[in-house]
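Results of the structural survey
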Amino acid sequence: MAGGAASGGSGAASETYKEARTLLLMPAWLTLIILVLSPVMLMLVYSFLTKEFRGGVIWDFTFAAYDQFFCDRGLFGDEGCTLEWTYITIFWRSIWQAGLATLLSLAIGFPTAYFIATRPANVRPLWVFLITIPYWVNLLIRTISMRFMMREEGPINNLLVGTGIIGEPLQMINTNFAVQVGLFYSYLPFMVLPIYAAVERYNFTLSEAAADLYASKWITLRRVLLPTVKPGVIAGCILVFVPSLGAFLAPDLLGGAKNFMIGSLIEEQFKGNAGNWPFGAAASMILLTMVLIMLMIYARQQSRANRGEA
Amino acid sequence: MASRKFDVRRYPGFAQLTVLCLLILYVPLLVVAVYSFNASASIIVFEGFSWRWYVDVFVGSDSAKFKEAAWNSFFIAIIAATVATTIATLAATGMVRGGFFRGRTLSFGLISLPLMVPEIVTAVATLIFFNSIAFERGIMTILLAHIAFCIPFAYLPIAARMQGIEDTYEQAAQDLYATKRQAFTKILLPLMMPGIISGYLLAFIISLDDFIITNFVKGAGVETLPTAIFGAVKQGIRPNIMAISTMLLGFSIVMVTISYFVSKRGDHK
């Protein structure tokens, strides 16, 4: 995913199939415009429609979905708009959870990426491969395995009680902590890969120079290495934060009913009993807007970093 | 310079954290795999090795449900990966061998759109789309959604591979009076094969593993393996679920390993 930007821009352009270009690209354009782009546009339209009970919409334009999201209009719905906290709290909790999962991934992912990037060049691909394998294992199965590990009678509690570290099994499942760990576990490889790519390009003579000037290792890390590989770190954080924000499986299987996140809120509008499609579309639009803003900041940051390199 | 007292590259604790990282990634999967061979019906204690839950998956009370789900999953994954890889190969040729054109960045943005939009948003949008054109939900809706979603996953390794192949081979073929079509099918495609295979396998796994989009666009009564497993887990993690998960897990790992070695062999050529 992180390598994607490279395939978009540079590289000497070969023109072998210049005349056939439109024909070659047409199937991809059509498929993605019909099946991804226009559905997203349609979703925007749906978020301004009137809800039909038990799913679906009535084609009457209204701001009701956004009003429901942001406005508290009292018990009978006839008062003025005061800020409605229910859904903002869910979004805020999602941001918070995704943020903590990102920090946790960074704490483990950065040293791992650095360690791999400083191995001999011929064994690095194997290390990278080891880190990527879990990503290709079904996310559902990985989340189930986390649930299995953190159960009250699960292996983690058995180990801790068995070795006498704790007396009573810990309640881990159905807590915020379980969701954070689940998200961290789901997206950890995304943190390692871009940081690895950045550290691999890092010129270690900079560290040598810092050491020659009597900088300690940790000063060198903070003042020389980190600023240089910052684009990779930011890429990793975004790749973990963005999917965590809209995650459904980890909050659903590990968090229980009390630790609702955006993904569950949206799912409930289409699958559960609430059945409010325009509201689900509006919540999706708000999530999408947040993600796109983050990606735009990231893209600007990256292009600035690239210009800095040149 | 070289005789410095310490190695500037080495930081204490980083190796240990790397080991911790690998443990975190692999231990939960290993534990599930081990417990899938548990002789006991309990998921709490391990009481010796047994194949009984694997037998249960194939002949037990839920076997009909799982068989149908597995059939659906593989049918959808094979077709979705084939179509997505074909579309992605053509698109990569247009992007990498089509010279510069206005809208190239836009085109790339469109191709990677499914990676940028959160999956749950894609799921909602696709459901709304099929609903608005009154397209009945079922296998067909899952298939179409998967084709679109798999395109970038097939595209990225294919385009990366094509960028690594110089166009001199195709030029030479054309100098020897090969048509463009011949240069494409006889020269470029065979050279591209490692990238195409690796793209195909990745698209296949993405389709096989997808839960969120499938869960939204599937019709009532139509299940794929992930949605069937999810439904079963809601009633508690039973050992047969661990057996079926372990099989799926093993299958994905084998596929990714093949993809890795195919693309690696391609690099050395």
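Residues numbered from 1 in each chain as written. Chains lettered and ligands numbered in written order. Predicted model: local features only at pLDDT ≥ 70, side-chain atom pairs only at ≥ 80, totals over all residues. Heavy atoms only, no water.

A separate point is the overall build of chain A. Along chain A, the regular secondary structure elements total 13 helices and four strands. By principal-axis analysis of the C-alpha atoms, chain A measures approximately 75 × 75 × 35 Å. When each of the 310 residues of chain A is scored for burial, the buried share is 51%. In the structure as shown, chain A presents an accessible area of about 14,600 Å², 65% of it carried by carbon and sulfur atoms. (Helix = DSSP H or I, 4+ residues; strand = E, 2+ residues; numbered from the N terminus. Buried < 20%, exposed > 50% of the residue type's maximum accessible area, 1.4 Å probe, protein only. Areas by Shrake-Rupley, 256 points an atom, 1.4 Å probe, with all protein chains shown as cover.)

Turning to the packing of aromatic side chains, a few remarks are in order. Across all of its chains, the model carries 42 aromatic pairs over all chains by this definition. Seen in terms of ring centroids, B:Phe211 and B:Phe230 are 4.5 Å apart; in terms of plane orientation they differ by 40°. Their pairing is tilted. You can see B:Phe211 sitting in the loop between helix 9 (180-209) and helix 10 (212-217) and its partner B:Phe230 sitting in helix 11 (residues 225-233), a full 19 residues away along the chain. Exposure remark for B:Phe211: the relative accessible area of 3% places this residue in the buried category. Three or more aromatic residues link up through ring pairs in this structure, and these residues are A:Tyr114, A:Tyr202, A:Phe204, A:Trp218, B:Tyr11 and B:Phe14. The ring of A:Phe148 has A:Arg151 lying over it, and the distance from NZ or CZ to the ring centre is 4.3 Å. Sitting over the face of the ring of B:Tyr11, A:Lys217 holds its NZ or CZ atom 5.6 Å from the ring centroid. (Phe/Tyr/Trp six-rings, centres within 6.5 Å; stacked < 30°, edge-to-face > 60°. Lys NZ or Arg CZ within 6 Å of the ring centre and 35° of its normal.)

On to the state of the cysteines. Throughout the structure, instances matching the rule amount to one disulfide over all chains. The disulfide that involves A:Cys71 links it to A:Cys81, with 1.9 Å between the sulfurs. Here A:Cys71 and A:Cys81 share a disulfide; its torsion about the S-S bond, -90°, makes the bridge left-handed. Residue A:Cys71 is located in strand 3 (residues 71-72), and its partner A:Cys81 is located in the loop between strand 3 and strand 4 (82-83); the two are separated by 10 residues in the primary sequence. You can call A:Cys71 buried: its relative accessible area is 14%. For A:Cys81, a relative accessible area of 43% translates into the label partly exposed. The closest cysteine sulfur to the non-disulfide-bonded B:Cys21 is located on A:Cys237, 14 Å from its own sulfur. (Disulfide = S-S within 2.5 Å.)

Before going further, it helps to spend a moment on helix 2 (residues 21-46) of chain A. In a regular helix each residue adds 1.5 Å, so 26 residues correspond to 38 Å; helix 2 of chain A covers 35 Å between its end C-alpha atoms and thus fits that length. Bending of helix 2 of chain A peaks at approximately 45° at the position of A:Ile33. (Expected span 1.5 Å × (residues − 1). Bend = angle between axes of the 7 residues up to and from the residue.)

In this section: the nonpolar core. If you look at the biggest cluster of nonpolar residues, it comprises 189 residues, and the most contacted ones within it are B:Ile128 and B:Tyr155. Apart from residues lying up to four places away in sequence, B:Ile128 is in contact with A:Leu42, A:Met43, A:Tyr46, A:Phe270, A:Trp277 and A:Ala281. (Core = buried A, V, L, I, M, F, W, Y, C linked by side-chain atoms within 4.5 Å. Contact = heavy atoms within 4.5 Å.)

Each partner contributes to the interface: chain B provides 101 residues, whereas chain A provides 98 residues. Summing the contributions of chain B and of chain A, the shared interface buries around 9,300 Å²; its carbon and sulfur component is 75%. Inspection of the chain B/chain A interface yields two salt bridges. A salt bridge links B:Lys180 to A:Glu19, with the nearest nitrogen and oxygen atoms 3.1 Å apart. Our count for the chain B to chain A interface comes out at 18 residue pairs in polar contact (both at pLDDT 80 or more). Per-element accounting of the side of chain B that touches chain A gives the leading share, 16 residues, to helix 1 (residues 14-35) of chain B. Partitioning the side of chain B that touches chain A into residue classes produces 74 nonpolar, 16 polar and 11 charged. (Buried area = accessible area lost by both parts, 1.4 Å probe. Salt bridge = Lys/Arg side-chain N within 4 Å of Asp/Glu carboxyl O. Polar contact = N/O pair within 3.5 Å; in protein donor to acceptor, adjacent residues only side chain to side chain. Nonpolar A, V, L, I, M, F, W, Y, C, P; charged D, E, K, R; others polar.)

What follows deals with the confidence of the model for chain A. Residues and elements named next belong to chain A. Looking at chain A as a whole, its pLDDT mean stands at 86, while 94% of the residues score no less than 70. When the elements of chain A are averaged for pLDDT, helix 1 (residues 4-8) gives the smallest value, 39, and helix 2 the largest, 94. With pLDDT under 50 throughout, residues 1-12 is counted as low confidence; its partners more than four residues away or in other chains account for 21 contacts. (pLDDT = per-residue confidence, 0-100.)

To continue, consider the side chain of A:Ser284. Looking at the secondary structure, you find A:Ser284 in helix 13 (residues 277-309). A polar side-chain atom of A:Ser284 sits 2.8 Å from the main-chain carbonyl oxygen of A:Gly280. If sequence neighbours within four positions are ignored, A:Ser284 has contacts with A:Met43, A:Ile266, B:Val121 and B:Val124.

A few words on the side chain of A:Asn138. One can find A:Asn138 in the loop between helix 5 (124-136) and helix 6 (139-150). Apart from the residues within four sequence positions on either side, A:Asn138 is in contact with B:Asp209, B:Pro226 and B:Leu248.

Let us look at a positive patch on the surface. All names here are of chain A. On the surface, a cluster of positive charge is contributed by Lys230, Arg300, Arg304 and Arg307. The element best represented in the positive patch is helix 13, accounting for three residues. By the secondary structure assignment, Lys230 is in helix 10 (residues 217-245). Note on Lys230: relative accessible area 45%, which makes it partly exposed. (Patch = residues over 30% accessible without salt bridge, like charges linked within 9 Å, V, L, I, M, F, W, Y side chains within 5 Å. Lys, Arg positive; Asp, Glu negative; His and termini not counted. Charge placed at Lys NZ, Arg CZ, Asp CG, Glu CD.)

Our next topic: unusual backbone geometry. With a phi close to 65°, A:Asn174 is a non-glycine residue in the positive phi region. Locating A:Asn174 in the fold gives a position in the loop between helix 7 (155-162) and helix 8 (176-201). One non-glycine residue, B:Ala134, lies in the positive phi region at around 55°.

With that out of the way, let us pick up helix 4 (residues 104-111) of chain B. Residue and element names in this part refer to chain B. Residues of helix 4 that are buried: Arg104, Ser107, Phe108, Leu110 and Ile111. Considered in projection along helix 4, the buried side chains sweep an arc of 155° and stay on one side of the axis. The exposed set on the far side of helix 4, more than 90 degrees from its buried face, consists of Thr105 and Leu106. (Arc of directions from axis to C-beta.)

The next point concerns the confidence of the model for chain B. Here chain B averages 87 in pLDDT, and 96% of its residues register 70 or above. The complex prediction reports pTM at 0.88, with the ipTM value standing at 0.86.

Residue and element names in this part refer to chain A. Structurally, Arg147 is set in helix 6. Residue classification places Arg147 among the partly exposed residues on the basis of a relative accessible area of 24%. A C-alpha to C-alpha distance of 9.0 Å links Arg147 and Ala250, two positions 103 residues apart in sequence.

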